[in-house]
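# Coordinate analysis (summary)
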Number of protein chains: 2
Amino acid sequence: MTIPFGDALRLRSGPVDLTAIDPNGKPAFDGDKADGEEALPTLGPDLADLQERLFAERSAGSERSVLLVLQGMDTSGKGGVLRHTVGLVDPQGVKITSFKAPTEEERVHDFLWRVHRALPGPGLIGVFDRSHYEDVLIARVRSLAPTEEIERRYDAINDFERELVAGSTTVVKCMLHVSAEEQKQRLLARLDDPTKHWKFNPGDVDERALWPAYREAYEIALERTNTDVAPWYVVPADRKWYRNLAIGHLLLETLRGLDPQWPAADFDVEEQKQRLADEAPVA
Amino acid sequence: MTIPFGDALRLRSGPVDLTAIDPNGKPAFDGDKADGEEALPTLGPDLADLQERLFAERSAGSERSVLLVLQGMDTSGKGGVLRHTVGLVDPQGVKITSFKAPTEEERVHDFLWRVHRALPGPGLIGVFDRSHYEDVLIARVRSLAPTEEIERRYDAINDFERELVAGSTTVVKCMLHVSAEEQKQRLLARLDDPTKHWKFNPGDVDERALWPAYREAYEIALERTNTDVAPWYVVPADRKWYRNLAIGHLLLETLRGLDPQWPAADFDVEEQKQRLADEAPVA
């Protein structure tokens, strides 16, 4: 099985330098915007088929699931991926969780508490819009926790994800890699469009002054949690169409790798047909 | 505002006779199957726009939400509605809950306990695939609770739904009305297709012998819970395309009735543009 997008976007091990990865790139794809926008919906039938097989498997006792983690700076397009890519599969098979600033209840628990509660059950594709990585990203940049607690969290995340994978969840972590300039254009576009004002927060502009600190926090997090069992993919996100298409392919390649099978009947098919044929009139 | 599907499918008050409603009908729609299949996706843009407005409203403090309840016999197409109709809107804005036989934990609580936990938050469209109505349907037919408890539940449901509506949730209850003969054909189709065997349960054939008891249980439930604040719609479901289209229209008409508005900016738009224009170089 070829997994061109997975191979192309998989973060290599070792030190991470995000400035060396082009946010405007389109690895593994030759076409232009029109080609990309045309290609995305063509993934729909295969995605839907594989998702339904995964879902069906659980009726035969399979506990397999997929967890797609979406991380990225504001405007990098997590919502767009949910709408355009995740929206291609049956919503019954998807469990989306958007992680906001922790509530009071969440803050008194360990940072992974709320994440455990959001994990996909057997047969489901879970999607995290932000995730436990915020607890080593904004938490680091904004000093929301003591340094030693932040340090502890990288290992805690790796242990947590190793357990997840051992428990039959396939973890696909995507960093939506947007440039500071493209973010600026997207913020300006939101300001220019009254139907997008609700998405704009003046605090987003303040955060831009911390861009280098966020990049460093991402680089540290990516390097320290880029494990064999739960690898990171860095998805160039300056082109929305490429970002949506690439994540569609990553999801497709992941599902193909799982190769879920329709469960065999655990009853006698002919006998059931006969029962229906022989039944007394129903009305 | 015209609400042709709402008007046509709304259950009239008074005694309910399901045998008088044609499961093969297509109220409020003149076209044939090809027309209906073509018409469904054309609802997508309006549905998506209205759903996003509803979602956006919560950022301005709105607590409004929608709850779509799907009830119907096996094979009536609850899953198909989720896939084809609910699938037209952004999955971030939808919270789907499939109610199965209650777990041990759920059984020790009041029947509405698990339902409360599944309600949509502000800005969301909640969808129930089966619901609290199972507790007066199969519970009645199979005597899963004492008669006086079942009797109590109709009023409890009405009180619960009245509270829901008072709390800004618009409740749309759809009974997918399929005929016994069409159900038989759909069960046979599942038996003929190995990719659908996992959906078949020999118990489904046993339940068919209780068809008249289920119909009576539905008629009683529909009559007693068809309130002004949370009305029932009976959706002919022998034609899958009509069922999907009709529920799409009911959802659209409901959202149009809510007329959600884009929130106004709670900041000075020009000032924010200026801040972005004036910022120090970011990288």
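Here's what I pulled together on the structure shown here. Source: prediction; values computed, not measured.

Calculation notes
- The residue numbering used here restarts from 1 in each chain and proceeds along that chain's sequence as written.
- Note on labels: chains are lettered from A, ligands numbered from 1, in written order.
- For this predicted model, a pLDDT threshold of at least 70 governs which residues receive local features, and a threshold of 80 or more governs which side-chain atom pairs are given and counted, while totals over whole chains, interfaces and linings are taken from all residues.
- Excluded from the side-chain calculation are hydrogens and water; included are all heavy atoms of the structure.
- Strands were regarded as paired on the criterion that DSSP finds at least two bridges between them.
- Secondary structure elements follow DSSP: runs of H or I no shorter than four residues count as helices, runs of E no shorter than two count as strands, and numbering proceeds from the N terminus.
- A fitted line through C-alpha atoms serves as each axis, taken over the contacting stretch for helices, and the angle formed by two N-to-C directions is quoted from 0 to 180°.
- Every residue pair with non-hydrogen atoms within 4.5 Å of one another is taken to be in contact.
- All copies are superposed by least squares; the fitting set is the C-alpha atoms of residues with a pLDDT of at least 70 in both.
- The aromatic pairing rule takes the rings of Phe, Tyr and Trp, using the six-membered ring of Trp, and pairs them if the centres are within 6.5 Å, calling planes under 30 degrees apart stacked, those over 60 edge-to-face and the rest tilted.
- Think of it in three bands: residues with accessible area under 20% of the maximum for their type are buried, residues over 50% are exposed, and the middle band is partly exposed, with areas taken using a 1.4 Å probe on protein chains only.
- Throughout, buried area stands for the accessible area (probe radius 1.4 Å) lost by two parts on being put together, summed over both.
- Every case where a carboxyl oxygen of Asp or Glu lies within 4 Å of a side-chain nitrogen of Lys or Arg is listed as a salt bridge.

As a further point, take the sheet that holds strand 5 (residues 232–236) of chain B. All names here are of chain B. Taking strand neighbours across the sheet as the criterion, the five strands line up as 2-3-1-4-5 in an open arrangement whose pairing is parallel. This sheet does not close on itself; its edge strands, each paired only once, are strand 2 (94–98) and strand 5. Between one strand axis and the next, the sheet turns by 20° as a mean value, whatever way the strands run. Seen against the sheet, helix 8 (residues 147–166) touches strand 1 (65–72) and strand 4 (169–177) and runs at an angle of roughly 135° to strand 4.

Under the fitted operation, chain B is carried onto chain A by 0.0 Å of movement along the axis and a turn of 180°, and the coordinates agree to an RMSD of 0.0 Å. The transformation just described matches what one would write down for a two-fold rotation axis. Minimal C-alpha distance to the rotation axis in chain B is attained by P91(B), lying at 3.2 Å. A symmetric contact is evident, with 100% of the interface residues of chain B recurring at the interface of chain A.

Let us now look at the packing of aromatic side chains. With the rule as written, the count across this model stands at 14 aromatic pairs over all chains. When the ring of F99(A) is compared with that of F128(A), the centres are 4.9 Å apart and the planes differ by 80°; the resulting orientation is edge-to-face. Residue F99(A) is located in the loop between strand 2 (94–98) and helix 5 (104–107), and its partner F128(A) is located in strand 3 (residues 125–129); the two are separated by 29 residues in the primary sequence. F128(A) shares its class with F99(A); the two are buried. Centre to centre, the rings of F267(A) and F200(B) are 5.0 Å apart; their planes meet at 45°, and the pair counts as tilted. Taken as a pair, F267(A) in the loop between helix 12 (240–258) and helix 13 (269–278) and F200(B) in the loop between helix 9 (180–192) and helix 10 (202–208) lie in two separate chains rather than in one. Neither F267(A) nor F200(B) differs from the other in exposure class; each is buried. A connected cluster of aromatic rings, assembled from ring pairs, spans F5(A), F29(A), W241(A) and Y242(A).

If you look at the interface, chain B gives 44 residues, while chain A gives 44 residues. Contact between chain B and chain A buries roughly 4,300 Å² in total, counting both sides, with carbon and sulfur atoms accounting for 65%. Of all residues in chain B, Q92(B), W198(B) and L276(B) give up the largest surface area on contact with chain A, accounting jointly for 17% of the area buried on that side. Viewed at the interface, chain A and chain B are joined by ten salt bridges. A salt bridge links R83(A) to D90(B); the shortest N-O distance between them is 2.8 Å.

A few words now on the environment of A118(B). Relative to the assigned elements, A118(B) resides in the loop between helix 6 (113–117) and strand 3 (125–129). Each C-alpha atom of the pair A118(B) and K95(B) lies 8.1 Å from the other, and the pair is 23 residues apart in sequence.

Residue and element names in this part refer to chain B. Note on placement: S76 falls in the loop between strand 1 and helix 4 (78–84). On the basis of relative accessible area, S76 is assigned to the buried category, the value being 0%. If we ignore the near neighbours within four places in the chain, the residues touching S76 are L176, V178, R186, A237 and R243.

Bringing the sheet that holds strand 1 (residues 65–72) of chain A into the picture now. All names here are of chain A. Read from one edge of the open sheet, five strands run 2-3-1-4-5, paired in parallel fashion. With one partner strand each, in any of the chains shown, strand 2 and strand 5 (232–236) form the two edges of the open sheet. Going from strand to strand, the sheet's axes swing by 20° on average, the running direction of each strand aside. As defined by bridge partners, strand 1 adjoins strand 4 (residues 169–177) across eight bridges and the pair is classed as parallel. Across the sheet, the residue bridging to L68 is V172, located in strand 4. Each of strand 1, strand 4 and strand 5 is contacted by helix 11 (residues 211–225), which is oriented at about 140° to strand 5, the strand it contacts most. Along the sheet, helix 12 makes contact with strand 1, strand 3, strand 4 and strand 5, crossing strand 5 at roughly 150°.

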